[in-house]
Amino acid sequence: MDTKLLVLEDFKRTGQISEADQAKIAEAAGILRNGGLVAFPTETVYGLGGDARLKEASRRIYEAKGRPSDNPLIVHISDISQLDAVASDISDAARIMADKYWPGPLTMVFKKTDLIPYETTGGLDTVAVRYPVHPVAKALIAASGAYIAAPSANISGRPSTTAAAHCIEDLSGRIEAIVDGGDCEIGLESTILDVSGDNLQLLRPGAVTSEMIEETLGISLSEDAALKGPLAEGVRPKAPGMKYRHYAPKAEMILVDGSDPVKKAEGIYKLAMEKTAAGKCTALLCSDECISDLVRLDPDIKNKLSIKSTGSREDEAETAHKLFELLREMDAEGIEFIAAEGYDEAEIGKALMNRMKKAAAWQIIHT
Ligand code: AMP
Ligand code: MG
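Residue positions within a chain follow its written sequence, with the count starting from 1. Chain A is the first chain written and ligand 1 is the first ligand written, with later ones labelled in order. Confidence filtering applies because this is a predicted model: local features only for residues at pLDDT of at least 70, side-chain atom pairs given and counted only at 80 or more, and all residues used for totals across whole chains, interfaces and linings. Think of the side-chain values as coming from all heavy atoms in the structure, minus any hydrogens and water.

1. A word on the pattern of salt bridges
Right, so step 1: When a carboxyl oxygen of Asp or Glu lies within 4 Å of a side-chain nitrogen of Lys or Arg, that pair is called a salt bridge. A full pass over the atoms with the stated rule returns 26 salt bridges.
Right, so step 2: Put simply, R60 and E176 hold a salt bridge, and the shortest N to O gap is 3.1 Å. Of the two residues, R60 sits in helix 3 (residues 55-65) while E176 sits in the loop between helix 7 (164-171) and strand 9 (177-180), which places them 116 residues apart along the sequence.
Right, so step 3: For each residue, the accessible area found with a 1.4 Å probe, counting protein chains only, is set against the maximum for its type, and the residue is called buried under 20%, exposed over 50%, and partly exposed in between. Judged by its relative accessible area of 22%, E176 is partly exposed.
Right, so step 4: Salt bridges sharing partners connect three or more residues here, namely R158, E169, D170, R328 and D331. Secondary structure follows DSSP: runs of H or I at least 4 residues long count as helices, runs of E at least 2 residues long count as strands, and numbering of each begins at the N terminus.

See below:
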């Protein structure tokens with residue numbers, strides 16, 4: 001299959017959807033209406049979209065991603081009035097969250113209606129719904145006249161895609177079209193909040209932080225067991241996707257964490273040197289501040305190792321924005337081992353460290 005690349009030139013330059021861009025969005029919407037698959041930008045990561053009402057479209061999404069069919073898809077809407085068609089038993093708390101954070105990087109899990117087939121929900125009676133704020137995502141969903149099932153537009157298990165080039169790398173030849181609307185601003189997947197039961201549960205941390213949810217609703221939030229560490233054999237997480245290896249670079253990755261930045265840099269250096277001595281092509285993934293500490297330890301370090309900067313450690317939004325792109329860059333360079341700095345887990349740092357811990361298969365050294 002030829003995958004058509006639809007580049008929104010004007011939107012990428014100005015942030016405004018021009019008539020020429022809108023014509024390309026209409027073309028992509030036509031593909032969706034005919035049951036085809038289209039990758040498109042959102043504020044979190046690129047989504048791989050298909051009509052959520054069509055069993056065959058959902059089946060093809062799983063096939064294109066190589067995703068296990070019990071890992072449900074998120075259904076995207078472009079107007080709050082679409083919610084009642086896909087979700088039932090919507091609680092007051094869910095309405096409050098929708099009022100405050102939609103459109104935006106928040107997904108909520110509800111009881112599903114009959115409109116959404118089990119093929120889309122991975123066999124569950126619940127459906128995950130998101131109303132994205134990205135102008136291209138909104139325009140595409142609206143023009144399709146549909147509800148768009150869209151998991152992240154990557155091959156299952158690989159880092160999520162945050163630019164059209166990543167979608168081309170993973171999905172070219174597997175889907176009908178890719179809409180290029182530039183880089184995704186947040187760079188990490190949406191927060192997932194389960195509002196289908198009596199107790200609200202955080203299933204995946206994201207840019208809508210647990211602090212924001214707790215403050216908005218005046219509650220203290222419980223978290224799925226899968227957020228705290230690797231799941232024991234036989235334990236079934238609430239979000240089925242949590243049991244699968246995720247966000248993973250091809251390289252083995254170990255996180256080095258600790259409150260003393262100098263000790264942390266020493267730990268990263270020691271680990272990287274051990275792996276290099278063992279013959280592994282090794283890279284460092286760390287903040288500018290950590291790189292300065294590393295250069296003080298070994299002025300020649302930049303000639304010995306590939307070093308990827310995540311920006312200042314004070315700017316966790318920027319670090320989050322860069323993470324998946326850097327993991328893909330290291331894959332492309334044939335890196336075999338990554339020694340990565342651990343970051344503070346407050347606010348968006350919690351979502352960032354959640355993805356990093358999974359990418360590292362929960363291997364963490366505390367300095
Ligand atoms: P992705 O679309 O690749 O970002 O992954 C979607 C995530 O949403 C997966 O981890 C799913 O397990 C989760 N999810 C989707 N639908 C549901 C649902 N009905 N209940 C719980 N988790 C869900
Ligand atoms: Mg995903």
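2. A short note on the nonpolar core
Grouped burial of nonpolar side chains is what soluble globular proteins tend to show.
Right, so step 1: For this analysis, a nonpolar core means a set of buried residues of the types Ala, Val, Leu, Ile, Met, Phe, Trp, Tyr and Cys, connected via side-chain atoms within 4.5 Å. If you look at the biggest cluster of nonpolar residues, it comprises 45 residues, and the most contacted ones within it are M97, W102, M108, F110 and L193.
Right, so step 2: Per element, the largest residue contribution to this core is four residues, and it comes from helix 5 (residues 92-101).
Right, so step 3: Setting aside residues no more than four positions away along its own chain, M108 makes contact with A94, M97, A98, W102, V127, A128, V129, L193 and V195. The criterion used for residue contact is that any of the two residues' heavy atoms lie within 4.5 Å.

3. A closer look at the packing of helix 12 (residues 316-332) against helix 13 (residues 348-359)
Right, so step 1: For the pair helix 12 and helix 13, interaxial distance at closest approach is 9 Å and the crossing angle is 20 degrees. Put simply, helix 12 runs roughly parallel to helix 13. Helix-helix and strand crossings are classified by hand; for helix 12 and helix 13 the assignment is left-handed. Taken together, the residues of helix 13 that come into contact with helix 12 (itself represented by E316, A317, T319, A320, L323, F324 and L327) are I348, G349, L352, R355, M356 and A359.
Right, so step 2: In this classification, the charged set is Asp, Glu, Lys and Arg, the nonpolar set is Ala, Val, Leu, Ile, Met, Phe, Trp, Tyr, Cys and Pro, and all remaining amino acids, among them Gly, are polar. Its residues placed into classes, the contact of helix 12 with helix 13 shows nine nonpolar, two polar and two charged. Working convention: axes come from line fits to C-alpha atoms, limited for helices to the stretch in contact. Angles between N-to-C directions cover 0 to 180 degrees. Convention used here: angles under 35 degrees read as roughly parallel, angles over 145 as roughly antiparallel, angles from 65 to 115 as roughly perpendicular, and any remaining angle as oblique. Handedness of a helix crossing follows the sense of rotation of the near helix relative to the far helix, less than a right angle counterclockwise being left-handed and clockwise being right-handed.

4. Examining unusual backbone geometry
Right, so step 1: Note that the residue after W102, namely P103, is joined by a cis bond; omega there is -5 degrees.
Right, so step 2: A positive phi angle, near 50 degrees, is found at E347, a position not held by glycine.
Right, so step 3: With a relative accessible area of 53%, E347 lands in the exposed category.
Right, so step 4: Despite not being glycine, W362 shows a phi value in the positive range, around 65 degrees.
Right, so step 5: Tracing the chain through its elements places W362 in the loop between helix 13 and strand 17 (364-366).
Right, so step 6: The exposure class assigned to W362 is partly exposed, which follows from its relative accessible area of 22%.

5. As for the side chain of N354
Right, so step 1: In this structure, N354 sits in helix 13.
Right, so step 2: Among the polar contacts listed, one links the side chain of N354 to the side chain of R355, at a separation of 2.9 Å.
Right, so step 3: Among residues more than four places away in sequence, those in contact with N354 are P205 and L227. Polar contact is defined as a pair of N or O atoms within 3.5 Å, subject to the rule that within protein one atom must be able to donate a hydrogen and the other to accept it, and that residues adjacent in sequence are counted only when both atoms are side-chain atoms.

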